[in-house]
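Fold and contact review
Here are the chains, one letter per residue:
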Amino acid sequence: MARFGGLLATDLLDVTDDPAALDAGGWWAVAVDYEGRVTCARFGRVRPDPRPPRAAGRRHAPDPGRWTSSLDREAYVAGVRRIREHIAAGEVYQANLCRVLSAPVGPDTDPDALAADLAAGNPAPHAGVIRVPSRGVEIACASPELFLRREGAVIESGPIKGTGRTEADLLEKDRAENVMIVDLVRNDLGRVCVPGTVTVPRLCAVEAHPGLVHLVSTVRGELRGGTGWPELLLAAFPPGSVTGAPKSSALRILRGLETVPRGPYCGAVGWVDADRRRGELAVGIRTFWIDRARSGAGELRFGTGAGITWGSDPEREWRETELKAARLLAIAAGRPTGPPTGAPGRAGTAGRGAAIGEVGGTVARTTGSGGPGERERRGADPRPRRENEAMR
């Protein structure tokens, strides 16, 4: 089964790893691991099911303190410092360092029930669940971030960069980071869109989500004729906001620092209605998934991370990973979290820059004078000195 946007999909008809199927007809649930493994599940029955959120308080996982992390605090802080060394060397100017948390669970753990409790305690604009255990796919997603939305030929992405408990916590570093990733997403979509159609209708808007705020931008374009989901995923995947810029350099650096695969975390989770040429894929953040043994017991996993730039403070970045995880791990443990604050996806105060060219120019000017210490005080990042590729 799958559940997205008030729809319940049942009656599994087909499962494939070929994204070309998403243009061939039918309603599909889609999960793409960060490492590129694709699962597309076509369902024969899709009906409205606006099931009210179930009361939180059920225990799906151990207490937050009993989870294990692929990177402990010392290793994560060291990783942040190492990324800053790569930035100083001109190899990259942003990389998203992640860690995966794990906890043992029994055979009765159900991602649909967990998703219902997440909806009650942490409502999210791109929440959903996919349960296809025969293919090892059991995902409960409470993502606030849009990866790709398609309406006919119109494509939209909503990269998030910048996180704080309140708007006052957001730094100039967060805004500079958001603009860098917007430029990367523009480049990604530009590979498959009609020239001149890629625009940024919203830049660095503040959105309130349960327990924190994000800076969110919107990038939009029109697909070229004959372009479908395979070409779109090839151009845009993995999502730039959870990888870094330039993307190829960030991927190389992160492979040397992260110790386990990310799996569905930082991948794509969502649905495609091929008959209507519509679809919506979220970036797989705030996402739980289950790795099961034959006995049915297994590991419940959850990922968390932070975007690292020259202006990053290693301890602050560690605390950001904890902030992103805290509320959701408490819900999974059946602990009270208090009422959610902020309507998910609601835009607050607009960002400090008006035009993409103006803000992008501000970032570019930080490389003009002064050493790394001066750039750090200004909260921005040095551009790579050896890579001139267009944010890729």
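Residues numbered from 1 in each chain as written. Predicted model: local features only at pLDDT ≥ 70, side-chain atom pairs only at ≥ 80, totals over all residues. Heavy atoms only, no water.

Some details on helix 5 (residues 247-255)
Each α-helix turn comprises 3.6 residues. Residues three or four places apart therefore point the same way. Definition in use: Exposed residues in this analysis have more than 50% of their type's maximum accessible area, buried residues have under 20%, and partly exposed residues fall in between, with area computed by a 1.4 Å probe over protein chains only. Secondary structure elements are defined from DSSP: runs of H or I of at least 4 residues count as helices, runs of E of at least 2 residues count as strands, and each element is numbered from the N terminus. As used here, the arc is the angular range of directions from the helix axis to the C-beta atoms. Residue contacts are counted whenever heavy atoms from the two residues lie within 4.5 Å of one another.
Along helix 5, the positions that sit buried rather than exposed are K247, S249, A250, I253 and L254. Summarising the axial view, the buried residues of helix 5 lie within an arc of 160°, below the 170-degree limit, and thus occupy one face. Of the surrounding secondary structure, the elements contacted by the buried residues of helix 5 are helix 1 (73-88), strand 6 (94-105), helix 3 (172-190), helix 4 (229-236) and strand 14 (244-245).

Some details on the side chain of S143
Test applied: We call two N or O atoms a polar contact when they sit within 3.5 Å, provided that within protein one can donate a hydrogen and the other can accept it, with sequence-adjacent residues counted only if both atoms are side-chain atoms.
Mapped onto the elements of the fold, S143 is located in strand 8 (residues 137-143). For S143, a relative accessible area of 0% puts it in the buried group. Within the local environment of S143, its side chain forms a polar contact with the backbone oxygen of V283, the two atoms lying 2.6 Å apart.

Some remarks on the pairing of strand 17 (residues 287-292)
Put simply, the rule is: A pair of strands is treated as paired once DSSP finds two or more bridges between them.
Note: strand 8 against strand 17, three bridges, orientation antiparallel. Residue pairing for strand 17: I139 is matched across the bridge by W289. Where strand 17 and strand 18 (residues 298-308) come together, five bridges link them in antiparallel fashion. Paired with I290 across the bridge in strand 18 is L300.

Considerations on the packing of aromatic side chains
In plain terms, the rule: The criterion for an aromatic pair is that two Phe, Tyr or Trp rings (for Trp, the six-membered ring) have centres within 6.5 Å, with stacked assigned to planes under 30 degrees apart, edge-to-face to planes over 60 apart and tilted to the rest. A ring is considered to have a charge above it if a Lys NZ or an Arg CZ atom is located within 6 Å of its centre and within 35 degrees of its normal.
For the structure on display, the rule yields five aromatic pairs. With centroids separated by 6.1 Å and ring planes inclined at 65°, the aromatic side chains of F147 and F237 adopt a geometry described as edge-to-face. On the criterion of sequence distance, the pair formed by F147 in strand 9 (residues 146-151) and F237 in the loop between helix 4 and strand 14 is long-range, its members being 90 residues apart. With respect to class, F147 is no different from F237; both count as buried. Among the aromatic residues, those joined into a cluster by ring pairs are W67, F288 and F302. Here the guanidinium or amino end of R84 rests over the ring plane of W310, the centre of that ring lying 4.1 Å away. Directly above the aromatic system of Y34 lies the positively charged group of R262, at a separation of 4.1 Å from the ring centroid.

A look at the pattern of salt bridges
Put simply, the rule is: Counted as salt bridges are all cases of a side-chain nitrogen of Lys or Arg within 4 Å of a carboxyl oxygen of Asp or Glu.
Per the stated rule, a full pass over the model turns up 28 salt bridges. In this structure, D273 and R276 form a salt bridge, with 3.0 Å as the shortest nitrogen-oxygen distance. Looking at D273, the relative accessible area reads 8%, which means it is buried. One continuous salt-bridge network, built from bridges that share partners, spans K161, K173, D174, E177 and E317.

Comments concerning the pairing of strand 12 (residues 199-209)
The side chains of a regular strand alternate, first on one face of the sheet and then on the other. Relative to strand 13 (residues 212-222), strand 12 runs antiparallel, the two being bridged by seven bridges. Each residue of the ladder has a partner; that of V206, found in strand 13, is L215. Taking the residues that link successive antiparallel strands as the turn, the strand 12-strand 13 hairpin has two residues, and the phi of G211 there is positive, at about 85°.

Looking at the packing of helix 2 (residues 111-121) against helix 6 (residues 314-332)
Note the cut-off: Between the N-to-C directions of two axes lies an angle of 0 to 180 degrees, each axis being a line fitted to C-alpha atoms and, for a helix, fitted only over the stretch in contact. When describing relative orientation, an angle under 35 degrees is termed roughly parallel and one over 145 degrees roughly antiparallel, while 65 to 115 degrees is termed roughly perpendicular and anything else oblique. By definition, any crossing whose near helix is turned counterclockwise from its far helix by less than a right angle is left-handed, and any crossing with a clockwise turn is right-handed. Think of it as three bins: nonpolar holds Ala, Val, Leu, Ile, Met, Phe, Trp, Tyr, Cys and Pro, charged holds Asp, Glu, Lys and Arg, and polar takes everything else, Gly as well.
At their nearest, the axes of helix 2 and helix 6 sit 10 Å apart, and the two run at 125° to each other. Viewed along their axes, helix 2 and helix 6 adopt a mutual orientation that is oblique. Judged by the sense of rotation from one axis to the other, the crossing of helix 2 with helix 6 is right-handed. Together, L114, D117, L118 and G121 of helix 2 and R327, L328, I331 and A332 of helix 6 make up the contact between the two elements. For the contact of helix 2 with helix 6, the residue count by class is five nonpolar, one polar and two charged.

Observations regarding the nonpolar core
Cut-off, in case you're wondering: By nonpolar core we mean a set of buried residues, namely Ala, Val, Leu, Ile, Met, Phe, Trp, Tyr and Cys, connected to one another through side-chain atoms within 4.5 Å.
Ranked by internal contacts, the top residues of the largest apolar core, which has 77 residues, are I83, L97, F147 and L148. Take this core: its biggest share by element is six residues, from strand 3 (residues 27-32). Not counting chain neighbours up to four residues away, the residues in contact with F147 comprise E156, S157, G158, L233, A236, F237, P239, A268, L281, A282 and V283. Counting residues in each nonpolar core, the second largest holds 23 residues, with L101, A124, L300 and A332 among its members.

With respect to helix 1
Selection criterion: In this scheme, a helix's expected span is set at 1.5 Å multiplied by one less than its residue total.
The terminal C-alpha atoms of helix 1, which comprises 16 residues, lie 23 Å apart, in line with the 22 Å expected from a rise of 1.5 Å per residue. Residues Y76, V77, G79, V80, I83, R84, H86 and I87 constitute the buried set of helix 1. One or two residues past the end of helix 1 sits G90, with phi positive at roughly 80°.

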